[in-house]
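Secondary and tertiary structure notes
Okay, here's what each chain looks like letter by letter:
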Amino acid sequence: MLWPLLWTLLTALKHPQEVNRIPMTWLPDNWLYFENFKTLFSEYPIDRWLLNSVIVTTLSVISSLFFASLAGYAFAKLRFKGKELLFLSVIALLMMPPEITVVPLYLMFNSVGLTNTYPGIVGSNWMTVLGVFIMRQFMEGIPDDYIDAARVDGAREFTIFLRVALPLTIPGFVTVAVLKTILAWNDFLWPLVMASSQEMMTITVGLQVFSTAFYVEHTLVAAGALVSMLPLLIMFIFMQRWVMQSMVMVGIKG
Amino acid sequence: MTTANAGRNVSSGQSGPPGSKKPWGTRNYIVGVITGSTTAYREARSGYLFTLPTLIYIIIIFFIPAAYTIVLSVRNWNIHGFGDFVGLQSYVELLTDPLFRKSLVNTLIFTLLSVPMTVFFALLAALAFQSRTRLPGRNLFKAGYFLPLIVSLVAVAFVWKWMFNPSIGLLNNILRSLGLPEQGFLNDTAQVLPSLSIMYVWARLGFAMVIFVAGLESVPNDYYDASSIDGASRWQQFRHITFPLLNPQLVLVIILEVITSLRTFDLPYIAAQGGPAHASRTVVLHIYDSAFQYFHMSTAAAAAIVLFVLILALTLLQRRVLSRQIEY
């Protein structure tokens, strides 16, 4: 299972000529050959693409987390008219694949001049309905007494949310953060449509420049793919438990 | 979920909204919410404020685009802007377009190839990695299966494209060294969809596996212990305990995988550019092409509606068939 990833690493460390050798060699001749990465960064605006990805992902994650946990708290703990209807709409939205609305969304974003801007590329990622579900799930586990006690003490709802509900649902919060990071970082179709100049491309979109280029060294492609995966791979190593948890939570939505 | 009316017990001990006979009269309610006259109204006001971003999101990302798509698909819309009402013309054109029909068929073939493989291998992996099997180092292996899921499909497509390269790729090199005939893989019209399916299965396996493992862990050990005493074999245990109890997870994974594979875009777009000879053109690739290469927004909108109907129909069908057929 890990072989394709290992193979990418090995290829990225090979001299371009080693790759075309027949018969094929498995291991690179020189393990400290980092020229591919140097070429990659000098010939393509990879650093800019990475920065764009970081900006877009950070914006997406922060705003999604904030709005999703607010809504999750309201759906789990507050009583107000029309809650059921609103929640039903959230469920309906979950069944709507983004590929289906990409054309009207593009026309809408284009008409307000958001193409090729960071808010435009963040697009529909500023919120996560799945995150609302997950946060609601966790918020429902908070005993009502805690919230009532805070109300008796005269706390406003937002203070209760911030000081009582959120600290008790940190695992849910982290789960949503991890999930959203993966989704936003790997998003492809939308940034592809939105970023019209090379400077505004995210790393996943920037990578596909390789696929349309007339001729690209395979070692460069491998190095590029590796660079695009690296941030999430590092996150995975340190937060494995949360990543898996987030996937199990994705399963719960069914 | 609790309903708004049921079990009302205003938290701080104050009485409910004025006029307890009709506590939720719309007008009183609105006035109450705006003035924040009681704790209950203040609570409701917070509820609206807290869910306002969600409401805005649903409207911008769901309702307006959905309506927009329908309007687009029945109007003659292109790069020059708004056109006339043309009714179902876009749909007729689309469904008689051999290219769209090909992408529809490709998408269905791709799904038929990918989903059963994903489910089968994920089930095998999950059975191996559940805690009952006590495989040494199982968490490490589990992580290995899971890792591809966090890698973007774009990177996956690049990595595998390179492994599938007919002349210098890894796979043909192995075939050659074993004395077997070389294959065309992504360059072969007959092999491109199976090749893409292999990439897809590799990338998606971890997700299904994690869901299955979670399902397996929730099966009480007593069931297995009891059946062992009755002399049931491992296969019988799987057939009569594990498999029926895993039904919810199976249904969920199959439905989600079918939706995901029907939406496939990244893999064929990056690894094969929809080719060779449109052999790997998918519906979403067709939508992307129509809208953003040729600016035929109406065609793209109609294709999106067709895809939506397809996804909806298959999801409903699967819910009925799958939940019923698996006997307990």
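Residues numbered from 1 in each chain as written. Chains lettered and ligands numbered in written order. Predicted model: local features only at pLDDT ≥ 70, side-chain atom pairs only at ≥ 80, totals over all residues. Heavy atoms only, no water.

**Describing the packing of helix H3 (residues 89–96) of chain B against helix H4 (residues 98–129) of chain B**
All names here are of chain B.
- Orientation of H3 relative to H4, taken along the N-to-C sense of each, is 70°, at an axis distance of 5 Å. Between H3 and H4, the angle falls in the class roughly perpendicular. Packed against H3, whose contacting residues are Leu94, Leu95 and Thr96, the element H4 presents Pro98, Phe100 and Arg101 at the interface.
- Classifying every residue of the contact of H3 with H4 by side-chain character gives four nonpolar, one polar and one charged. (Axes fitted to C-alpha atoms, helices over the stretch in contact; angles between N-to-C directions. Helix = DSSP H or I, 4+ residues; strand = E, 2+ residues; numbered from the N terminus. Parallel < 35°, antiparallel > 145°, perpendicular 65-115°, else oblique. Contact = heavy atoms within 4.5 Å. Nonpolar A, V, L, I, M, F, W, Y, C, P; charged D, E, K, R; others polar.)

**Things to note about the packing of aromatic side chains**
- Taken as a whole, this structure holds 35 aromatic pairs over all chains when the rule is applied.
- Centroid distance Phe66 of chain A to Phe158 of chain A: 6.4 Å. Interplanar angle 65°. Geometry classified as edge-to-face. Here Phe158 of chain A lies in helix H10 (residues 157–168) and Phe66 of chain A lies in helix H4 (residues 46–77), a separation of 92 residues in the sequence.
- Look at Phe265 of chain B and Tyr288 of chain B: their rings are 5.2 Å apart centre to centre, the planes differ by 50°, and that puts the pair in the tilted class. (Phe/Tyr/Trp six-rings, centres within 6.5 Å; stacked < 30°, edge-to-face > 60°.)

**Observations regarding the environment of Arg75 of chain B**
All names here are of chain B.
- Relative to the assigned elements, Arg75 resides in the loop between helix H2 (39–74) and H3.
- For Arg75, a relative accessible area of 27% translates into the label partly exposed.
- Measuring from C-alpha to C-alpha, the distance between Arg75 and Thr299 comes to 9.7 Å, with 224 residues separating the pair along the chain. (Buried < 20%, exposed > 50% of the residue type's maximum accessible area, 1.4 Å probe, protein only.)

**Some words on the interface of chain B and chain A**
- Contacts between chain B and chain A engage 91 residues on the former and 85 residues on the latter.
- Roughly 8000 Å² is buried in total at the junction of chain B and chain A, and carbon and sulfur atoms are behind 78% of that figure.
- Inspection of the region where chain B meets chain A yields three salt bridges.
- A salt bridge links Glu43 of chain B to Arg79 of chain A, with the nearest nitrogen and oxygen atoms 3.0 Å apart.
- Here chain B is connected to chain A by ten residue pairs in polar contact (both at pLDDT 80 or more).
- Looking at which element gives the most residues to the side of chain B that touches chain A, the answer is H2 of chain B, with 23 residues.
- In terms of residue class, the side of chain B that touches chain A is built from 63 nonpolar, 20 polar and eight charged. (Buried area = accessible area lost by both parts, 1.4 Å probe. Salt bridge = Lys/Arg side-chain N within 4 Å of Asp/Glu carboxyl O. Polar contact = N/O pair within 3.5 Å; in protein donor to acceptor, adjacent residues only side chain to side chain.)

**Points about helix H3 (residues 35–43) of chain A**
All names here are of chain A.
- Of the residues making up H3, those classed as buried are Asn36, Phe37 and Leu40. Buried residues along H3 cover an arc of 95° about the axis, so they all sit on one side. When the buried face of H3 is taken as reference, the exposed residues oriented beyond 90 degrees from it are Lys38, Ser42 and Glu43. (Arc of directions from axis to C-beta.)

**Considerations on the pattern of salt bridges**
- Enumeration over the complete set of coordinates arrives at ten salt bridges over all chains.
- Taking the shortest distance from any N to any O, the salt bridge between Glu257 of chain B and Arg204 of chain B comes out at 2.8 Å. Here Glu257 of chain B, found in helix H11 (residues 247–262), pairs with Arg204 of chain B, found in helix H8 (residues 192–217); they are 53 residues apart in sequence, far enough to count as distant.
- Counted as one network, the salt bridges with shared partners bring together Arg79, Asp148, Arg151 and Glu157 of chain A together with Glu43 of chain B.

**Some details on empty space enclosed by the protein**
- Summed over all chains, the structure comprises four cavities of 30 Å³ or more.
- Counted as a void, the largest cavity has a volume near 70 Å³.
- Put simply, the parts of the chain that give the lining of the largest cavity at least two residues each are helix H2 (16–19) of chain A together with helix H7 (170–177) of chain B.
- Taken together, the residues of the lining of the largest cavity break down into six nonpolar, three polar and three charged.
- In terms of lining residues, the second largest cavity is bounded by Ser53, Val56, Thr57, Ile121, Asn125, Ala184, Trp185, Asp187, Pro191, Thr202 and Thr204 of chain A.
- Split into classes, the residues belonging to the lining of the second largest cavity amount to five nonpolar, five polar and one charged. (1 Å grid on protein atoms, 1.4 Å probe; cavity = no way out; pocket = protein on both sides within 12 Å on 5 of 7 lines; lining within 4 Å. Points joined across faces, edges and corners; volume = space filled by probe spheres on them.)

By themselves, these observations are geometric and do not establish any function.
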